[in-house]
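# Chain and residue survey
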Amino acid sequence: MARPLLRGDRLLAAREAAGMTREDLALALGLSSPARLRVWESGLERPRPRLIPLLAAALGVEPLHLLDADLDDPSLAALRLAAGRATNEMAAPGVSVMTYVRLEDGRPGTELTADLVHAVAGLLRVDVARVEAAIRRSRIDHAASASSGR
């Protein structure tokens, strides 16, 4: 499955729209150098997930806006990145990291209980309906990929 990535062009546009220099944004984020922003904007590197919501807040945009994601139907991976979480941070009572990874990948076999969906929604700080839609999308994407032999 393709993972959503930070869109450097969107980061650059949001920074310019906010009237910020790279130096301003680096200072706001507590980065040691504005060079980090240059490589993110050029797409040569991507920031750690925890920085996505901080970047968005500093620029006054939604975190999903900075990602290569469908804003109306984001994947579970996009919701995770927008929440600033790495996959290994997706454990909670009733959710192991491996269970979450199977959900994000869309692999069959994980029973969707209300407790599981609520736990994931809590981790991602989004509503249950958004998590359910993202899980459905992941499963559809996985099935399509499996049937095409990818």
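As a convention, each chain's residues are numbered from 1 in the sequence order in which they are written. With the structure being a predicted model, the display of local features is reserved for residues of pLDDT at least 70 and the display and counting of side-chain atom pairs for 80 or more, all residues being used for whole-chain, interface and lining totals. For side-chain calculations, the full set of non-hydrogen atoms in the structure is used, while hydrogens and water are omitted.

### Concerning the environment of proline 93
For clarity, the cut-off: Helix numbers and strand numbers start at the N terminus; a helix is a DSSP run of H or I with at least 4 residues, a strand a run of E with at least 2.
With respect to the helices, strands and loops of the structure, proline 93 is situated in the loop between α5 (76–82) and α6 (97–105). A C-alpha to C-alpha distance of 9.9 Å links proline 93 and valine 120, two positions 27 residues apart in sequence.

### Looking at helix α2 (residues 22–29)
Note the cut-off: When accessible area is computed with a 1.4 Å probe and restricted to protein chains, residues below 20% of their type maximum are described as buried, those above 50% as exposed, and intermediate ones as partly exposed. The directions from the helix axis to the C-beta atoms are what the arc is built from. Only heavy atoms matter for contacts: two residues are in contact if any of them lie within 4.5 Å across the pair.
Of all the positions in α2, only Leu25, Ala26 and Leu29 are classed as buried. Taken down its axis, α2 places every buried residue within 100 degrees of arc, on the same side. With respect to the buried face of α2, the exposed residues turned more than 90 degrees away are Leu27 and Ala28. In this structure, the buried residues of α2 make contact with α1 (8–17), α3 (35–42) and α4 (51–59). Among the residues trailing α2, glycine 30 stands out with phi positive, at a value near 75 degrees.

### Examining the pattern of salt bridges
Put simply, the test is: Salt bridges are counted wherever a side-chain nitrogen of Lys or Arg sits within 4 Å of a carboxyl oxygen of Asp or Glu.
This structure, assessed with the given rule, holds 7 salt bridges. One salt bridge connects aspartate 141 with arginine 137, and the closest N-O pair in it is separated by 3.5 Å. With aspartate 141 and arginine 137 both in helix α8 (residues 128–147) and 4 residues apart, this pair spans about one turn of that helix. On the basis of relative accessible area, arginine 137 is assigned to the partly exposed category, the value being 25%. If you follow the salt bridges from partner to partner, you end up with Arg15, Arg22 and Glu41 in one network.

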